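Here's the letter readout for the chains.
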Amino acid sequence: GLLCPYNDFISREHSVNLCAPGVLPDLRRLFEGPDWDEGKLELSDCVKAATRYSMRLSVAGLLLTADNYFVLQRRSGQVASGIGNLISSVSGAVDFDDDSVETRLGGVKHCYWDLRKTVVRELHEETGIAEEKLKDGAVVFVGAGFNLRYGRDLNYYAFAETALNSYDLGRFRGEASDKWEVEHLEYLPAKTVTVRSIESGELGRRLFRPSRHLIGALYAWAKY
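Please read all numbers here as calculations on a predicted model, not as lab measurements. (Residues numbered from 1 in each chain as written. Predicted model: local features only at pLDDT ≥ 70, side-chain atom pairs only at ≥ 80, totals over all residues. Heavy atoms only, no water.)

Participant: So what exactly am I meant to see when it comes to helix 9 (residues 212-223) here?
Facilitator: The periodicity of an α-helix, 3.6 residues per turn, causes residues three or four positions apart to be oriented the same way. Under the 1.5 Å per step criterion, the end-to-end length of helix 9 is 17 Å for 12 residues, consistent within 8% with the ideal 16 Å. The set of residues buried in helix 9 consists of His 213, Leu 214, Gly 216, Ala 217, Leu 218, Ala 220 and Trp 221. (Helix = DSSP H or I, 4+ residues; strand = E, 2+ residues; numbered from the N terminus. Expected span 1.5 Å × (residues − 1). Buried < 20%, exposed > 50% of the residue type's maximum accessible area, 1.4 Å probe, protein only.)

Participant: Would you take a moment to explain unusual backbone geometry for this structure?
Facilitator: The phi torsion of most residues other than glycine is negative, and most of the peptide bonds are trans. The phi dihedral of Asn 68 is positive, around 70°, even though this residue is not glycine. Looking at where Asn 68 falls in the secondary structure, it is placed in the loop between strand 1 (57-64) and strand 2 (69-75). Judged by its relative accessible area of 40%, Asn 68 is partly exposed. At Asp 136, a residue that is not glycine, the phi angle is positive and equals roughly 60°. Note on placement: Asp 136 falls in the loop between helix 6 (115-127) and strand 7 (140-146).

Participant: Just checking my understanding: could you explain the packing of aromatic side chains for this structure?
Facilitator: Each pair of aromatic rings is reported with the distance of its centres and the angle of its planes. Tallied over the full model, the rule gives three aromatic pairs. Centre to centre, the rings of Phe 159 and Trp 221 are 6.2 Å apart; their planes meet at 45°, and the pair counts as tilted. With a gap of 62 residues between them, Phe 159 in strand 8 (residues 154-161) and Trp 221 in helix 9 connect regions that are remote in the sequence. We note that Phe 159, like Trp 221, is buried. (Phe/Tyr/Trp six-rings, centres within 6.5 Å; stacked < 30°, edge-to-face > 60°.)

Participant: Where do I start with the pairing of strand 2 in this structure?
Facilitator: Regular strands show a simple pattern: their side chains alternate between the two faces of the sheet. Where burial is concerned, most of strand 2 is hidden: six out of the seven residues are buried. Where strand 1 lies against strand 2, two bridges are found, and the strand directions are antiparallel. Along strand 2, the bridge assignment pairs Leu 63 with Val 71. In textbook terms, the turn of a hairpin is the stretch between consecutive antiparallel strands, and for strand 1 and strand 2 this stretch comprises four residues, one of which, Asn 68, has a positive phi near 70°. In this sheet, strand 9 (residues 182-189) lies alongside strand 2 in antiparallel orientation, the contact comprising seven bridges. Note on strand 9: the bridge partner recorded for Arg 74 is His 184. As paired strands, strand 2 and strand 3 (residues 86-87) are joined by two bridges and run antiparallel to one another. Residue Gln 73 lies in a different strand from strand 3, and its bridge partner there is Ile 87. (Pairing = 2+ DSSP bridges.)

Participant: Quick question: what am I supposed to make of the pattern of salt bridges here?
Facilitator: Pairing is possible between side chains that carry opposite charge, provided their charged atoms lie close to one another. By the definition in use, this model includes seven salt bridges. Measuring nitrogen to oxygen at the nearest pair gives 3.4 Å for the salt bridge that ties Arg 121 to Glu 125. Of this pair, Arg 121 and Glu 125 both sit in helix 6, four residues apart, which is roughly one turn of that helix. Salt bridges sharing common partners tie together Asp 99, Arg 121, Glu 122 and Glu 125. (Salt bridge = Lys/Arg side-chain N within 4 Å of Asp/Glu carboxyl O.)

Take a look at the structure:
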């Protein structure tokens, strides 16, 4: 992922799906060229993709309650993208300043992203659930998703558990600084999430407007 200002990410990546009828083709077609219209893109070419757009590292985290429900978010009408979509318990881009860890090796300073910090930070910002509400503070990473056709975002899929029951979670919403991003929470019985239910499309048909990374995270958890 490239370290770049968020405004650069918006202008380079989010704008590619914007269009102005009668003026220009959408920017994705403009950047990709004739291969886009002809369906001949080599979508597995990561090297070529990396020369086109900045790419953000992001997380999609699943929170499992004590009564065995996954907590999911319905996105509000105030967000920049994914309005009305059903997403995982927590979703957000890695922030280099907030989520980096500094170490020294052989007298040389190194910085790296700590994706666990991203999950914990975003969970608290969006739902009000603080780190101490997680079982043993544990966050387990179970997979990752990279989609070359719809954005160059690399999402790492995480999983955590809480000792809280599903009916306890609503009272923490008031503590979320970014609660405006979430229309409401929804609860999915964990027993319905299996490799078979996902591969057959059964689970996807039960959910209304699930995001691709929600399905990816649930699939990674089911395999895990």
